[in-house]
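# Results of the structural survey
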Amino acid sequence: MTNYQFYDLPLEWQGFLQACNSCSNCELYKERKQVVVFRGGIKASFMIIGEGPGRHEDEQGLPFVGRSGNLLNDALTGLEFTEEDYHICNIVKCRPPGNRTPTEEEAVACRRLLNAQFALVKPKVIMLSGATAFRYFTGSTDPISKVRGIWIESKGYYIMPTFHPAYILRNMSKRDLLWHDLLMVRKKLEEFKLIAPMENPILL
Ligand code: SF4
């Protein structure tokens, strides 16, 4: 389920993972192989939220694996993020059949768990990866192409909408925009001294 051994995790995390594993709050529980909760640090200033698990994620029990995950990892590594610097999760924790977009009802059903995850991770900066994450997290119907790369400040959080890596894979000319948005996240974290400055700063 995670990149951690279950019994090495703090008790509150063990309880949270058990709540996720036993969840049947929406129809998505029926066809999942695994509940996909997170990868990365269990406490991190930077949280990345995607849409929902796909086939590879469902099989491996980890979010953002496969080609999309590799593309995101390359950008994170290129900008000198370590695995402990970020926490990656999704709007819904179970795979929608056929990789369809989660319904609003499913997103609402899973929000309770996402809120609990927030309370454990305590992020300051949030990246919303793709149109679905942006829509369900903020409630806005603005197109992602209009809002990406622009900070949203809300209740002490800094929220950065961006393109989903799966979209970048289909539109490689947009790859620099993902790097740009991640670099803005990095600079924000550096501004708050929540991450060490890059050893090899890059300009985009
Ligand atoms: S998607 Fe979320 S709310 Fe639905 S069954 Fe899975 S964990 Fe529960």
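To start, this report covers the structure provided alongside it. Predicted, not measured: the structure shown is a model, and the values here were computed from it. (Residues numbered from 1 in each chain as written. Predicted model: local features only at pLDDT ≥ 70, side-chain atom pairs only at ≥ 80, totals over all residues.)

### Quick look at the site of the ligand
The following threshold applies: Should the C-beta atom of a residue, placed from the backbone, lie within 6 Å of a molecule or strand, that residue is near it. For helices the rule is a DSSP run of H or I covering at least 4 residues; for strands it is a run of E covering at least 2, with both sets numbered from the N terminus onward. Charged means Asp, Glu, Lys or Arg here, nonpolar means Ala, Val, Leu, Ile, Met, Phe, Trp, Tyr, Cys or Pro, and polar covers whatever is left, Gly included.
Close to the ligand lie 15 residues; C23, C26, Y29, C94 and C110 are nearest. If one sorts the elements of the shell around the ligand by residue count, helix α4 (residues 104-121) sits on top with four residues. Classifying every residue of the shell around the ligand by side-chain character gives eleven nonpolar, two polar and two charged.

### Comments concerning helix α3 (residues 66-78)
We count it as follows: One fewer than the residue count of a helix, multiplied by 1.5 Å, yields its expected span. Each residue is classed by its C-beta neighbour count within 10 Å, where at least 20 other C-beta atoms makes it buried, 12 or fewer makes it exposed, and intermediate counts make it partly exposed; the C-beta atoms are placed from backbone geometry. For this quantity, the arc is that covered by the directions from the helix axis to the C-beta atoms. Any two residues are considered in contact once their C-beta atoms, placed from the backbone, lie within 7 Å.
Helix length check: α3, at 13 residues, gives a terminal C-alpha distance of 18 Å against a target of 18 Å (1.5 Å per residue), a fit within 8%. Buried within α3 we find S68, G69, L72 and L76. Looking straight down α3, one finds that the buried residues subtend no more than 95 degrees of arc, so they occupy a single side. Turned more than 90 degrees away from the buried face of α3 sit R67 and T77, all of them exposed. Elements in contact with the buried residues of α3: β3 (86-90), α7 (165-170) and α8 (175-191). Of the residues one or two after α3, E80 is the one with positive phi, at around 60 degrees.

### Topic: the nonpolar core
Our working definition: Only buried Ala, Val, Leu, Ile, Met, Phe, Trp, Tyr and Cys residues enter a nonpolar core, and they are joined through C-beta atoms within 7 Å.
Among the nonpolar cores identified, the biggest contains 49 residues, and M47 and I49 are the most heavily contacted of them. Among all residues touching M47, those that are not within four sequence positions of it are H87, C89, V121, P123 and I126.

### Details of the pairing of strand β6 (residues 157-162)
Within a regular beta strand, the side chains point alternately toward one face of the sheet and then the other, so they alternate between its two faces. Worth spelling out the cut-off: Here, a strand pair is defined by DSSP locating no fewer than two bridges between the strands.
Counting buried positions along β6 gives five out of six residues, so the element sits mostly inside the fold. As judged from the five bridges shared by strand β4 (residues 125-129) and β6, these two strands associate in the parallel manner. If you follow I126 over to β6, its bridge partner there is I159. Of the pairings in the sheet, the one linking strand β5 (residues 152-154) to β6 comprises three bridges and is antiparallel in character. Bridge pairing links E153 to Y158 in β6. Here β5 hands over to β6 after two residues, with K155 in that stretch at a positive phi of 50 degrees.

### So, helix α1 (residues 11-21)
The complete set of buried residues in α1 reads W13, F16 and C20. Each buried residue of α1 sits inside an arc of 60 degrees when the element is viewed along its axis, so together they form one side. With respect to the buried face of α1, the exposed residues turned more than 90 degrees away are L11 and Q18. Check the buried side of α1 and you find it contacts α4.

### Points about unusual backbone geometry
The phi dihedral of E80 falls on the positive side, at around 60 degrees, and the residue is not glycine. By the element assignment, E80 lies in the loop between α3 and β3. In this structure, K122 is a non-glycine residue whose phi angle is positive, near 55 degrees. Here K122 shows up in the loop between α4 and β4.

### Comments concerning the sheet that holds β4
Taken together, the six strands give an open sheet; going across it, the order is β1-β3-β2-β4-β6-β5, and neighbouring strands pair in mixed fashion. The outermost strands of the open sheet, each flanked by one partner alone, are β1 (39-40) and β5. Taken together, the two bridges between β1 and β3 define a ladder with antiparallel strand orientation. The residue bridging R39 from the neighbouring strand is I88, located in β3.

Geometric descriptors of this kind do not, in isolation, establish any biological role.
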